[in-house]
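Below are the chains, spelled out letter by letter.
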Amino acid sequence: MKLNKTCFIFTILLVITEVLIGKYMHDNVIRPFGGDFFMVILLYCFVKAFVNTPVLPTAFGVLLFAYVTEVSQYFHLVKLLGMQHSKIAALLLGTSFSWMDLLCYTLGIALVIGIEKKRPTNYSSIKSALSPWNIL
């Protein structure tokens, strides 16, 4: 297990983004949808920061985790566990189900997969990609 510094930095930046959205955004678009969109990207970056796993299994694992968390809101898991008065439980597990949240999670992971497919994996792949133009 080796720390991926790039993913770790993205994780920190996304945590800061989520906090800023939660604290300062009080609109009808970014607060309800942007937070969910960025959350799955944050979770993906967090996992990839610590373990070198393949892109698709990691992305789908994060998406499945987000879906399960959202479905638990449909069944009022926080209330069933008797934790409805816990602000931490309500924050982590959520309290209200939304189909739009599932869409935001899906779009966030789609962006991750799209970026990961386009990203060169190492210097040699960058060099080979640019070699037709004799840049390297």
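Just so it is clear, the structure is predicted and the values come from calculations on it, not from any experiment.

Draft legend 1. Molecular detail of the pattern of salt bridges. Counted by the stated rule, this structure contains 1 salt bridge. Of the charged contacts in the structure, one is a salt bridge between Arg 119 and Glu 116, with a shortest N-O distance of 2.7 Å. On the accessibility criterion, Glu 116 (13% relative accessible area) is buried.

Draft legend 2. How the structure looks around helix α2 (residues 30-50). Helix length check: α2 (21 residues) gives 29 Å between terminal C-alpha atoms against 30 Å at 1.5 Å per residue, within 8%. Among all positions in α2, only Gly 34, Gly 35, Asp 36, Val 40, Ile 41, Leu 42, Tyr 44, Cys 45, Lys 48 and Ala 49 are buried. Contacts from the buried residues of α2 go to α1 (5-24), α3 (55-74) and α6 (99-118).

Draft legend 3. View of the packing of aromatic side chains. By the definition in use, this model includes 6 aromatic pairs. Between Phe 37 and Phe 38, the ring centres sit 5.4 Å apart and the planes meet at 75°, which makes this aromatic pair edge-to-face. By relative accessible area, which is 27% here, Phe 38 ends up partly exposed. Taking the centre distance of 5.1 Å and the plane angle of 85° together, the rings of Phe 97 and Trp 99 count as edge-to-face. Residue Phe 97 is classed as partly exposed on the basis of its relative accessible area, which comes to 23%. Note on Trp 99: relative accessible area 66%, which makes it exposed. Here the aromatic cluster, defined as three or more aromatic residues joined through ring pairs, consists of Tyr 74, Phe 75, Phe 97 and Trp 99.

Reading the values: the criteria
- Residues numbered from 1 in each chain as written.
- Predicted model: local features only at pLDDT ≥ 70, side-chain atom pairs only at ≥ 80, totals over all residues.
- Heavy atoms only, no water.
- Salt bridge = Lys/Arg side-chain N within 4 Å of Asp/Glu carboxyl O.
- Buried < 20%, exposed > 50% of the residue type's maximum accessible area, 1.4 Å probe, protein only.
- Helix = DSSP H or I, 4+ residues; strand = E, 2+ residues; numbered from the N terminus.
- Expected span 1.5 Å × (residues − 1).
- Contact = heavy atoms within 4.5 Å.
- Phe/Tyr/Trp six-rings, centres within 6.5 Å; stacked < 30°, edge-to-face > 60°.

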